[in-house]
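# Structural characterization, general
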Amino acid sequence: RRTSSRSYEEPAHTGKVYENRIKKEVSTRLDTINPDVVDDPTLQRSKDVTCYACRRSEAVLFQAESGATAASLSLVFVCVFCKTKWVG
């Protein structure tokens, strides 16, 4: 139920609360990622992606914050061959 100070009541049809957040684009912060992360053996690797720059198929990937809060995460890929970075 929603109530207001004007004594108007209306039954709620769902118990969901929706939240809209404006996100900062992670692509504008890709330049802050050190390309040497490709040498980190603890990061996940994938051969199921294709680098748009060199067309080869192996990249390191990790989650990075893509918004104003840690609730917004994006996958960041770094090509192990040419070190190109992109968000997937």
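Each remark here, short or long, concerns the structure printed above.
Structure report, in brief. (Residues numbered from 1 in each chain as written. Predicted model: local features only at pLDDT ≥ 70, side-chain atom pairs only at ≥ 80, totals over all residues. Heavy atoms only, no water.)

## Section: the overall build of the protein chain
Each helix and strand counted, the protein chain has zero helices and six strands in total. Reading the helices (α) and strands (β) of the protein chain from amino to carboxyl end gives β-β-β-β-β-β. Per-residue burial for the protein chain yields a buried fraction of 30% across its 88 residues. For the protein chain, contacts bridging at least 24 residues in sequence account for 41% of all contacts bridging at least 6. A total accessible area of about 6900 Å² is found for the protein chain, and carbon and sulfur atoms account for 48% of it. (Helix = DSSP H or I, 4+ residues; strand = E, 2+ residues; numbered from the N terminus. Buried < 20%, exposed > 50% of the residue type's maximum accessible area, 1.4 Å probe, protein only. Contact = heavy atoms within 4.5 Å. Areas by Shrake-Rupley, 256 points an atom, 1.4 Å probe, with all protein chains shown as cover.)

## Some words on the side chain of Ser46
If you trace the backbone, Ser46 turns up in strand β3 (residues 44-46). The class for Ser46 is buried, based on a relative accessible area of 14%. Within the structure, Ser46 has its side chain in polar contact with the backbone nitrogen of Asp48 (distance 3.0 Å). Once residues lying within four places of it in the same chain are set aside, the contact partners of Ser46 are Ser57, Glu58, Ala59 and Leu61. (Polar contact = N/O pair within 3.5 Å; in protein donor to acceptor, adjacent residues only side chain to side chain.)

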